[in-house]
Amino acid sequence: MDYRQLGRSGLSVPVLTLGTFTFGGAGPFGMVGQQGVAEARELIDCALDLGIGMVDTANMYSTGLAEEILGEALAGRRDRVLISSKARMRIGEGANDQGASRWHLIRECERSLTRLRTDHIDIYHIHEWDGLTPVEETMAALDMLVAQGKIRYAGCSNYTGWQLMKSLMASERHNLTRFVTQQIHYTIEAREAEYELLPIALDQGVGVTVWSPLAAGLLSGKHRGGRIAPESRQANGWTEPPIRDPARLWAIVDELAAIGESHGVEAAQVALAWLLTRPGIASLVVGARSRDQLERNARALIVTLTGDQLARLDKLSRPPMIYPHWHQEQFAKPRFGGPEFALHPRDGADQRPFQQ
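What counts as what
- Residues numbered from 1 in each chain as written.
- Predicted model: local features only at pLDDT ≥ 70, side-chain atom pairs only at ≥ 80, totals over all residues.
- Heavy atoms only, no water.
- Pairing = 2+ DSSP bridges.
- Helix = DSSP H or I, 4+ residues; strand = E, 2+ residues; numbered from the N terminus.
- Axes fitted to C-alpha atoms, helices over the stretch in contact; angles between N-to-C directions.
- Buried < 20%, exposed > 50% of the residue type's maximum accessible area, 1.4 Å probe, protein only.
- Polar contact = N/O pair within 3.5 Å; in protein donor to acceptor, adjacent residues only side chain to side chain.
- Contact = heavy atoms within 4.5 Å.
- Salt bridge = Lys/Arg side-chain N within 4 Å of Asp/Glu carboxyl O.
- Core = buried A, V, L, I, M, F, W, Y, C linked by side-chain atoms within 4.5 Å.
- Phe/Tyr/Trp six-rings, centres within 6.5 Å; stacked < 30°, edge-to-face > 60°.
- Lys NZ or Arg CZ within 6 Å of the ring centre and 35° of its normal.
- Parallel < 35°, antiparallel > 145°, perpendicular 65-115°, else oblique.
- Left-handed = near helix turned anticlockwise from the far one by under 90°.
- Arc of directions from axis to C-beta.

A.B. asks: Would you mind showing me how to read the sheet that holds strand 10 (residues 281-286) here?
C.D. replies: The strands making up a sheet associate through hydrogen bonds between their backbones, and the pairing can be parallel or antiparallel. Read around the closed barrel, the eight strands follow the order 3-4-5-6-7-8-9-10; overall the barrel is parallel. Going across the sheet, the axis of each strand differs from the next one's by a mean of 30°, ignoring polarity. Summarising the sheet, strand 4 (residues 54-56) and strand 5 (residues 82-87) pair through three bridges and their orientation is parallel. Among the inter-strand pairings, valine 55 is bridged to a residue of strand 5, identified as isoleucine 83.

See below:
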């Protein structure tokens, strides 16, 4: 298992992280999976065998049940993995049962520690932007949790570019703990992160982890030609992530499958391998319904895509140059510093690094 440094922090993380979205299955999460402690323990056994030393969860996954299951399944081996968790989403009916306020974050962190049966969380994410709480309050709360030893590092998830930069600048201005990572949705089908989030990550030293790197299974190869596979979450009514151009999606899946055949793997492993070629990516959060599925997806690490294969995938999936990027493509490209190439194609032998 390869490890990569997480942004400008000193922490190294595995390029694959085990996701726990399928643990518990309470409420709408039942569409995705209903794994209990026995199944979770088997997946963690497999992950450790593969060298996957990080597990990702959240307080709102099955309303806390996923964290409880993870905590029980990790009994006796907590020190062998990094734990990533999150807070911000609504977790109850009270007025303060959501958000990134000091009150909510401290309470939810302490609840997560209890459920996870641990004294610290290695990476604690703000799960979603909260425009009603001052960023200074949020960052100060995270700073306090770090000082108390309850969390080791702070991150964010699902922020826009300006929201991430506002948070980073608040940390710098007030000498507070800064985000070392952002967890985002980014796939070969959904490349919007290349407009702002990836360039900011490269410029500011914020490591990137990716949630749902197979687009909730749509890039796995089990759905083909516009036909949704039975027994899948989509067949059960799951609608995330949104697909705005189905024809484009299926063309990408066909190409992934074709390239996979040449490597002796499935479309899923090619989609993961493509992500691992992208700048700034530290780790991909992969869930699994079985040991076999996790082992198959780990084969993405043996796939080395050729220049021709990368070009074929890029031709099908490259996002359009929206403003101001089309303007900068024409007039600013000779003076790009490096992070811009997360979106803009390089010209010829241009070897400027992504990070300065």
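A.B. asks: Help me understand unusual backbone geometry, please; the structure alone is not making it clear to me.
C.D. replies: In most cases, non-glycine residues show a negative phi, while peptide bonds are predominantly trans. The step from tyrosine 323 to proline 324 runs through a cis peptide bond, and the omega angle for that step is 5°. Locating proline 324 in the fold gives a position in the loop between helix 10 (307-317) and helix 11 (325-331). Unlike most non-glycine residues, alanine 215 shows phi in positive territory, near 55°. Within the secondary structure layout, alanine 215 lies in the loop between strand 9 (207-211) and helix 7 (246-263). Among the residues examined, alanine 215 registers a relative accessible area of 0% and is labelled buried. One non-glycine residue, alanine 216, adopts positive backbone phi at about 55°.

A.B. asks: In this structure, what is going on with the side chain of arginine 191? I would like to understand it.
C.D. replies: Note on placement: arginine 191 falls in the loop between strand 8 (179-185) and helix 6 (197-204). In this structure the side chain of arginine 191 is engaged in a polar contact, spanning 2.7 Å, whose partner is the side chain of glutamate 194. What arginine 191 contacts, discounting residues up to four positions off in sequence, is Tyr186, Trp274, Arg278, Asp314, Ser317, Arg318 and Pro319.

A.B. asks: For this particular structure, what's the right way to read the pattern of salt bridges?
C.D. replies: One pass over the structure, following the stated rule, counts 23 salt bridges. The partner of glutamate 194 in a salt bridge is arginine 191, with the nearest N and O atoms 2.7 Å apart. By relative accessible area, which is 0% here, glutamate 194 ends up buried. Residue class for arginine 191 comes out buried when judged on its relative accessible area of 2%. One network of salt bridges, with partners in common, ties together Arg191, Glu194, Arg278, Asp314 and Arg318.

A.B. asks: What am I meant to see in the side chain of serine 62 here?
C.D. replies: Note that serine 62 resides in the loop between strand 4 and helix 2 (65-73). Here the side chain of serine 62 touches phenylalanine 23 through a polar contact of 3.3 Å, landing on its backbone oxygen. From its side chain, serine 62 meets the backbone nitrogen of glycine 25 in a polar contact 3.0 Å long. Setting aside chain neighbours within four positions, we find serine 62 in contact with Phe23, Gly24, Gly25, Ala26 and Phe29.

A.B. asks: Hey, could you run me through the nonpolar core in this one?
C.D. replies: Soluble globular proteins: nonpolar side chains tend toward being buried together. Grouped together as the largest cluster of nonpolar side chains are 92 residues, with contacts concentrated most on Phe179, Tyr186, Leu219 and Leu256. Sorting elements by how many residues they give to this core places helix 8 (residues 267-275) first, with eight residues. Those residues in contact with phenylalanine 179 that sit more than four places away from it in its chain are Ile126, Met139, Leu142, Ala154, Gly155, Cys156, Tyr159, Leu164, Ser167, Leu168 and Val206.

A.B. asks: Is there a simple way to explain the packing of aromatic side chains in this structure?
C.D. replies: A complete count under the given rule lists nine aromatic pairs for this structure. Between the aromatic rings of tyrosine 159 and phenylalanine 179, the centroid separation amounts to 5.9 Å while the plane-to-plane angle is 90°, which identifies the pairing as edge-to-face. Residue tyrosine 159 is found in the loop between strand 7 (151-157) and helix 5 (161-174), and its partner phenylalanine 179 is found in strand 8; the two are separated by 20 residues along the sequence. The exposure class of tyrosine 159 is buried, given its relative accessible area of 6%. With a relative accessible area of 0%, phenylalanine 179 lands in the buried category. Aromatic pair phenylalanine 336 and phenylalanine 341: ring centres 5.7 Å apart, planes at 75°, arrangement edge-to-face. Take phenylalanine 341: its relative accessible area is 4%, and that puts it in the buried class. Within the aromatic cluster, the residues linked to one another by ring pairs are Trp129, Tyr159, Trp162 and Phe179. Across from the ring centre of phenylalanine 341, 4.5 Å away, lies the NZ or CZ of arginine 346, which sits over that ring. Its end group placed over the ring of phenylalanine 354, arginine 346 keeps NZ or CZ at 4.6 Å from the ring centre.

A.B. asks: Would you mind going over the packing of helix 1 (residues 37-50) against helix 2 with me for this structure?
C.D. replies: Packed helices, taken two at a time, are described by the angle their axes make and the gap between the axes. For the pair helix 1 and helix 2, the least separation of the axes is 9 Å and the interaxial angle reads 60°. On the basis of the axis angle, helix 1 is oblique to helix 2. Seen along the crossing, helix 1 lies across helix 2 with a hand that is right-handed. Contact with helix 1, carried on its side by Val37, Ala40, Arg41 and Ile44, involves Ile69, Leu70, Glu72 and Ala73 of helix 2 and no other residues of that element.

A.B. asks: What should I look at first to understand helix 10 in this one?
C.D. replies: Each α-helix winds once per 3.6 residues, and so residues spaced three or four apart point in a common direction. Among all positions of helix 10, only Gln309, Leu313 and Ser317 are buried. Along the axis of helix 10, the buried positions cluster into a sector of 55°, meaning they face one direction only. Exposed residues on helix 10 whose side chains face more than 90 degrees from its buried face are Gly307 and Lys315. Residues of helix 10 that are buried in the fold lie against helix 7 and helix 8.

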